[in-house]
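# Reading the structure
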Amino acid sequence: ESGVAMPYPAQVTRESIVETAWELVEADGLDQLSLSRLAMALGIKAPSLYKHVASKAALLKALNELTEARLFESLTPALEDGDDPRQRLLNLACAYREFALAHPVTYVLAYTTSDPAARPDPARQEAAALPLQAVVAELTGEADSLAALRGLWALIHGFVLLEIHTQFRRGGELPAAYEQALA
């Protein structure tokens, strides 16, 4: 015996697996994510991942749920910022854009997936959207708030996706154009 203590195996949780996968996807792209690469980043063997995440599809769903949770968390300060609902909506939209541009790979993964198994839980999505709808309702009235929220989200999401994929090619200041479109 050499007297050197053997290190304990890395302690991983489902949360640490998802967090590490999120960081890997954001840094290197979804195409580079594999369970073996994720296990290596965590300092464990790939089969150990299955104790926490049943499949790659389950991992993608967890990544999308984490992205959604982080997005809505980033919007919370704007929800509480001031009495003017128009200004709060503008602040929300700007916070949304800022988040998406800071995390483009995971944002696109979360909001463009066509695989139903990878989509976040609809009940959680609805619960997260209700505070946003309440702000919209201050401007439109309750009866029109869902349609208005959907239109607002389409504008925000469409603009952000076009920006992420560098589809705006005619120059100009995109932040100013974004705010002008929202107004």
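Here, the structure is the one placed above.
Presented here is a report on the structure given in the accompanying data block.

## Some details on the overall build of the protein
What the protein contains, in helices and strands, is nine helices and zero strands. Its helices and strands in sequence order give the protein the pattern α-α-α-α-α-α-α-α-α, from N to C terminus. What you see for the protein is a C-alpha radius of gyration of 20 Å, clearly larger than the 16 Å of a compact globule of 183 residues, by over 25%. Along the first, second and third principal axes, the C-alpha set of the protein runs to 75 × 40 × 35 Å. A buried classification covers 35% of the 183 residues belonging to the protein.

## Regarding helix α2 (residues 35–42)
The set of residues buried in α2 consists of Leu35, Leu38, Ala39 and Leu42. Down the axis of α2, the buried side of the element spans an arc of 100°, and every buried residue falls inside it. Gly43 sits one or two residues past α2 and shows a positive phi near 75°.

## Observations regarding the environment of Glu179
As for its position among the elements, Glu179 is in helix α9 (residues 174–182). Distance in space between the C-alpha atoms of Glu179 and Ala93 is 8.5 Å, their sequence separation being 86 residues. Aside from chain neighbours lying at most four places away, what touches Glu179 is Leu90 and Cys94.

## Quick notes on the pattern of salt bridges
Scanning the model with the defined rule gives five salt bridges in all. The partner of Glu19 in a salt bridge is Arg70, and the shortest N-O contact between them spans 2.1 Å. With Glu19 in helix α1 (residues 14–28) and Arg70 in helix α4 (residues 56–79), this residue pair connects regions lying 51 residues apart in the sequence. A salt bridge links Glu138 to Arg88; its shortest N-O distance comes to 2.2 Å. Here the residue Glu138 occupies a position in helix α7 (residues 122–140), and Arg88 occupies one in helix α5 (residues 85–102), the gap between them amounting to 50 residues. A relative accessible area of 46% means that Glu138 is categorised as partly exposed.

## Brief notes about helix α6 (residues 104–112)
What α6 keeps buried is the set Thr106, Tyr107, Val108, Leu109, Ala110 and Tyr111. Close packing links the buried residues of α6 with α1, α4, α5 and α8 (142–164).

## Considering the environment of Asn91
Structurally, the position occupied by Asn91 is in helix α5. Residue contacts for Asn91: discarding those within four places in its chain leaves Ala78 and Asp81.

Conventions and cut-offs
Residues numbered from 1 in each chain as written. Predicted model: local features only at pLDDT ≥ 70, side-chain atom pairs only at ≥ 80, totals over all residues. Heavy atoms only, no water. Helix = DSSP H or I, 4+ residues; strand = E, 2+ residues; numbered from the N terminus. Rg over C-alpha atoms; globule rule 2.2 N^0.38 Å. Buried < 20%, exposed > 50% of the residue type's maximum accessible area, 1.4 Å probe, protein only. Arc of directions from axis to C-beta. Contact = heavy atoms within 4.5 Å. Salt bridge = Lys/Arg side-chain N within 4 Å of Asp/Glu carboxyl O.

Worth remembering: the numbers are spatial, not functional.
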